[in-house]
Amino acid sequence: MPRRVQNYDDYGTAVQQIILSSTDAEFLDQLIPVLKDATNTYRAQELTQNLSQYADDRDAEIERIGLTKHEEFLSSVNQLQDVREKTVELTAEILQLNQSIQASTEQLAEQKQALVNTRAVRENISEVSDALKESLRILHAVNHAHELIRKKQYYGALKSLDDLQSEFLIPIIQNKYATQHKLAGLIQKSIRTSQKTISEAVMTDLNTWLFRIRETSQFLGEVAFYHTNMRRDRQRQRIEGDDFLSQFKLNSAIELVFDESEEFDVLDNEELQVDFTPLFEALHIHDALGQSDKFRAEYAATRRRQKELLLPSSISLTTDDESSLSSLLESISGFAIIEKATMRRAPQLRTSVDVEELWDSMCSAAISLTSKALGEVTNAEVLLKIKLVIALFIQTMEGWGYSVSRLDDFLLDMFDKYAELLKKRFSEDFQEIVSTDDYMPMAINSKKDYENVVNVSWFSQEQSADDLTFPCVLPFSQMYPLCCIDIRNFLNQFYFFADDHFQHPAKIDESLRQSLDELLTEKVCKSLVERLSSQYLGQIVQILINLEHFETACRELEQLLMRARSSASAGGPLTLDATEQFRDNKKTAEKRIFELVNSKIDDLVETAEYDWMAPQPPSEPSSYMQTLTRYLSNIMNSTLLGLPREIKELIYFDALSHTSEKILALPLSSDVKKINPYGVQALAQDVQHLTDFVDGLENGFMLRSNLDELEQTILLLQADNADEFFDISTRNKKYGRVHALNGPLLLEKLTQQVSSPGQVTARFANFSSNISSRFK
C-alpha cells in the first residue's frame, strides 16, 4: 500500500528527523515526503531556510566546542603522532622478521614441493594405469561386439553392446570427472553407428532370404499343388470304397480327419525346406533396437514390391511355359503360403489384415489377367483344363484358410463361357449329323454293333440281341444314335466342370437343361421339320420315326436330369420343351405323309380313263386301280413298315377315305353327262377290286368303312328300283352313306339312258322337297 504523504506546516521538526536518521534508507524515507510537500516555490524556500539554519547552528556549536577544549585537542593530536611513529617502527621490525622467516623456509618449501610433485606423479601414473586398464576393457568389449557382427551373430553383438553401455559407458558418462569420460563419450556415440550396422546387416540377410523366397515361390506352389492333388486321389479312393463320403468335399472336416495319417509339411519336406531363421532374427534384432514399427513397415513394403514383381503383364492360356496360368497360380500360391506361415509364426509382424490385403490384390490381378486371356480360348476342352488348374489353386489355398469366394464367382463366369463353347461345338455337330444323314433305316451287321448302338441310344427292342438275326435293320436312321452319343457327351462335358470343385451345381443343372433344350429344339427338331418339305415319302417316314425316338429320348433325358441334378436345385418334375416339340412335330410329319400319299393317289386317280358310255362291259379292273392298290400295298410293306401300327392304320384310313372321295368325284364331274350300265359296271369292278384289297389287309374290317359311301353309290346305280333312294326310310337302311345330293345327280346321269328327262327332274324335285322338309 503506498505511503501517505505527510503535510508540514513547519520544516524545523522535519529537518531534525532527517538529520537524526540512523541509516541511508531511513534518511531517504524521511527526506522524500518533505521534498514532495515542498513542490511549490514558497514551501521550497522555507525548507531551504530551515536546512541552512540547521547548518549554521551546527557550525556555531563546533566553533564553541573548539574554543572551549583547544588544549585537550592539541594534546590528543600530539599523542596520535607519537603512536604513529612507534607503529612505523614496529612495522619495519615485523618486515625484517618476515624476511628472515621467509628466507629460512624457502628451502623447506622447495623440498616439500618436490615431495608433493613426486606424489602427484605417482598418483597420476596409477590413475593412468587404471584408466588404461578400464579403457582396454571397454575397447575389448567393443572389439568383441564387432567380431560378433563379422560372424553374423547379430543378437550376440547387440547384447554385447548393451552390456558395454550398462556396465561401463553409462557409469563413466554419469561421472563427469572420470578419466575415461571422453573415451566413453566417443564410444557411446559410435554405438548408434554399430547398431545401425547390425540393422543394415540383418536387413541385408533378410533381403537375401526374401529374394530366395521369391525365387522359390513357384516351386513351393507346385509342391503345394502336388500335395493337394494327392489328397484328391486319396479322397476319390475313399469315395469308391464308401459312396457316403462323396458328399464331403476336399478341405471338409471329414476329409481332413481321414487324411490326418498322411502328414506332409509343404514348407519342410524332401523337396523343399523354408528356413524362417533370418526373418525371426531380423524381427528380434529390430525389436531389441526398438524399431519394430519401422521394421514392420519396411517388411510390408518389401512384400508388396515382391508381389508386384510376381505378377506378369499378361499370360497365355494355351501354353505351358513360365507365362502360363499354372505358373502364375503356383507363384501366387507359394507367396500366399509364405505370408500365412509368417503370420502364424510371427503374428506381431504380419496381421491377418495385411495378409488378406495382399491375397485380395493377387486374386484380383490373377482374375483380371485370366479374363483378358480367355478371349483367345475357343476350345471347351482347353477351358476345362484351365478350370481344373484354378480349382486346384482354390482347394490348395482354401486349405490354408484363405477366402476363395471371388475365385468361385470367377469360375461361375468361366462356366458361362464354357457352356457357350460347348453349345456352339455341339450345335455344329448336330447340324452336321442332321444334314449328312441318309434318312434310311439303320443297318446293323453284327451283334456287337447292335449292342453298341443300344448302349448309346435310348432304344428298347422287344427281342433280345440273341434272338435277332444279323444283319438286321433298326427303325431309326443313323442320325439318332449319333445324336444320342453327342447328347451323352454333352451331358458328361457339362458335369465335368463340376468335378473337383464348383460351388454352383444348381447353375450347371439349369444351364444344362436350357442348353440341351435349345440344341434339341433348334438343331435337331427344327432341322428335321425343315426337311419335311421333301417330296420323297421314305425320307418323311424316316423323319417321323426319328421324331418318335427323339421324343422317347427326351422323356428318358428328363428322368436322367432329375436323377443327376444336385440337392441345391429346385425339386419337382423336370420337363424339356423339346419333348413337346418332337411330339407336336410328329403330327406335322404325319400330315406331310398324308399329303404325299394323297397326292400320289390324286395322280393315279387322275389317270383313270372311264368310258361312261361303254358299248360292252369291262373284262378286268382299270389299270389305275391296280396301280393304286399296288402302291398302297408297297408303301405299307416297305416305306411305312417302320412306323408304329397306329400311325400306319391312320395313314391307311386317311388314304382309303381320300381314294373313295376321288373315285366318287369321277362320275360326279360336270364333264360326265351320261353313264350307261356298262360304265357303272366298270366303276363297280374297280371298287370291288379296291374292296377286295382292303379286305385282305390286317384290320381290313375297320378300314372297309371308308368305302361304304362308294359301295352304296354303286349299289344305288345298279339298283332295279332307284326310287327307293327317294324314300327316306328305305334310303337310310340301304343307302345311308350316300350323299343326299350326289345320289340324285348320279341317278339323273344314269336314268337319262332309260327314261325321259322330265321324269328324272320330277323325281329329283320330289327328293329335294323331301330333304328340305326333313331338315325343317
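Residues take numbers from 1 onward in each chain, read along the sequence in its written order. With the structure being a predicted model, the display of local features is reserved for residues of pLDDT at least 70 and the display and counting of side-chain atom pairs for 80 or more, all residues being used for whole-chain, interface and lining totals. Hydrogens and water are ignored here; the side-chain numbers use all heavy atoms of the structure.

Caption draft 1: Expanded view of the overall build of the chain. Secondary structure elements are taken from DSSP: a helix is a run of H or I of four residues or more, a strand is a run of E of two residues or more, and numbering for both begins at the N terminus. The secondary structure content of the chain amounts to 26 helices and two strands. Think of it in three bands: residues with accessible area under 20% of the maximum for their type are buried, residues over 50% are exposed, and the middle band is partly exposed, with areas taken using a 1.4 Å probe on protein chains only. Per-residue burial for the chain yields a buried fraction of 41% across its 776 residues. Contact between two residues is taken to exist if any of their heavy atoms lie within 4.5 Å; hydrogens are not considered. Taking all contacts inside the chain whose residues are at least 6 apart in sequence as the whole, residues at least 24 apart take part in 74%.

Caption draft 2: Structural view of the nonpolar core. Working definition of a nonpolar core: buried Ala, Val, Leu, Ile, Met, Phe, Trp, Tyr and Cys residues. They are joined through side-chain atoms within 4.5 Å. With 174 residues, the main nonpolar core has W359, I593, V597 and L632 as its most contacted residues. With 13 residues, the top contributor of residues to this core is helix α13 (residues 405-436). Once residues lying within four places of it in the same chain are set aside, the contact partners of W359 are I332, A336, F393, M397, Y402, S403, V404 and L407.

Caption draft 3: Region of interest: the packing of aromatic side chains. Think of it this way: a Phe, Tyr or Trp ring, Trp meaning its six-membered ring, pairs with another when their centres are within 6.5 Å, and the plane angle makes it stacked under 30 degrees, edge-to-face over 60, tilted otherwise. The final tally for this structure, using the stated rule, is 18 aromatic pairs. When the centroid spacing of 5.1 Å and the interplanar angle of 90° are considered together, the rings of F459 and F476 count as edge-to-face. In this pair, F459 sits in the loop between α14 (447-456) and β2 (472-474) while F476 sits in the loop between β2 and α15 (479-496), placing the two residues 17 residues apart along the sequence. Neither F459 nor F476 differs from the other in exposure class; each is buried. A connected cluster of aromatic rings, assembled from ring pairs, spans F459, F476, Y480, F550 and F582.

Caption draft 4: Spotlight on the state of the cysteines. Criterion for a disulfide: a pair of cysteine sulfur atoms at a distance within 2.5 Å. Using the criterion set out here, one finds zero disulfides in the structure. Considering cysteine sulfurs only, C484 is the nearest to C483, which forms no disulfide, with 7.1 Å between them.

Caption draft 5: The arrangement of the packing of helix α19 (residues 623-639) against helix α21 (residues 677-695) in detail. Between α19 and α21, the shortest axis-to-axis distance is 10 Å and the interhelical angle comes to 15°. Classified by the angle between their axes, α19 and α21 sit roughly parallel to one another. Of the two possible hands of crossing, α19 and α21 adopt the one that is right-handed. Contact residues: Y624, M625, Q626, L628, T629, L632 and S633 in α19; D686, H689, L690 and F693 in α21. Fitted lines through C-alpha atoms serve as axes, helices being fitted only where they are in contact, and the angles separating the N-to-C directions of these axes extend from 0 to 180 degrees. When an angle is under 35 degrees it counts as roughly parallel; over 145 it counts as roughly antiparallel; between 65 and 115 it counts as roughly perpendicular; any other value is oblique. Rotating anticlockwise by less than a right angle from the far helix to the near helix defines a left-handed crossing, while the corresponding clockwise rotation defines a right-handed one.

Caption draft 6: Quick look at unusual backbone geometry. Residue P471 is bonded to the preceding F470 through a cis peptide linkage, with omega at 0°. Not every positive phi belongs to a glycine, and Y439 is a case in point at roughly 50°. For Y439, the location among the structural elements is in the loop between α13 and β1 (442-444).

Caption draft 7: Inspection of the environment of I19 at higher detail. With respect to the secondary-structure elements, I19 resides in helix α1 (residues 11-19). Residue classification places I19 among the partly exposed residues on the basis of a relative accessible area of 38%. Residues I19 and L51 lie 32 residues apart in sequence; the distance between their C-alpha atoms is 9.7 Å.

Caption draft 8: Region of interest: the side chain of T302. Take T302: it is sitting in helix α9 (residues 292-310). In this structure T302 comes out as buried when scored by relative accessible area, which is 12%. Under the rule applied, a polar contact is a pair of N or O atoms within 3.5 Å (in protein, one hydrogen donor and one hydrogen acceptor; residues adjacent in sequence only if both atoms are side-chain atoms). Separated by 2.8 Å, the side chain of T302 and the backbone oxygen of E298 make a polar contact.

Caption draft 9: Representation of the confidence of the model for the chain. Looking at the chain as a whole, the pLDDT averages 79, with 77% of positions reaching at least 70. Averaged over each element, pLDDT in the chain is lowest for helix α26 (residues 757-775) (38) and highest for helix α11 (residues 352-373) (91). Values of pLDDT, ranging from 0 to 100, describe the predictor's confidence in every residue of the model.

Caption draft 10: Quick peek at the side chain of N585. One can find N585 in helix α18 (residues 577-606). On the accessibility criterion, N585 (12% relative accessible area) is buried.

Caption draft 11: Structural view of a negative patch on the surface. A contiguous patch of negative charge, built from D56, D57, D59 and E63, is present on the exposed surface. Looking at the element boundaries, D57 is found in helix α3 (residues 41-68). Here D57 falls in the partly exposed class, since its relative accessible area comes to 35%. Patch construction takes residues with relative accessible area above 30% that form no salt bridge. Like charges are linked within 9 Å, and nonpolar side chains (Val, Leu, Ile, Met, Phe, Trp, Tyr) are linked within 5 Å. Accessible areas in this description were obtained via Shrake-Rupley with a 1.4 Å probe; residue shielding takes into account the shown protein chains only. Salt bridges, as used here, are contacts in which a Lys or Arg side-chain nitrogen is within 4 Å of a carboxyl oxygen on Asp or Glu. We count Lys and Arg on the positive side and Asp and Glu on the negative side, and we leave His and both chain ends out. Throughout, a charge is located at the NZ atom of Lys, the CZ atom of Arg, the CG atom of Asp or the CD atom of Glu.

Caption draft 12: Region of interest: the pattern of salt bridges. Counted by the stated rule, this structure contains 24 salt bridges. Among the salt bridges present, the one from E551 reaches K586, with a minimum N-O distance of 2.8 Å. Of this pair, E551 sits in helix α17 (residues 537-564) while K586 sits in helix α18, and the two are 35 residues apart along the sequence. Exposure remark for K586: the relative accessible area of 12% places this residue in the buried category. Look at the salt bridges and you will find they share partners, linking E548, E551, R555, R583 and K586 into a network.

Caption draft 13: Seen up close, the packing of α11 against α13. Their axes nearest at 10 Å, the elements α11 and α13 cross at an angle of 15°. Classified by the angle their axes make, α11 and α13 are roughly parallel. Both α11 and α13 take part in a crossing whose hand is right-handed. For the pair α11 and α13, the contacting residues are W359, D360, C363, S364, I367, T370 and S371 in the first and R406, L407 and F410 in the second. Throughout this entry, Asp, Glu, Lys and Arg are counted as charged residues, while Ala, Val, Leu, Ile, Met, Phe, Trp, Tyr, Cys and Pro are counted as nonpolar. The remaining residues, Gly among them, count as polar. For the contact of α11 with α13, the class distribution of residues is five nonpolar, three polar and two charged.

Caption draft 14: Structural context of the environment of K587. Looking at where K587 falls in the secondary structure, it is placed in helix α18. With relative accessibility at 47%, the residue K587 sits in the partly exposed group. Considering only alpha carbons, one finds K587 and I647, 60 residues apart in sequence, at a separation of 10.0 Å.

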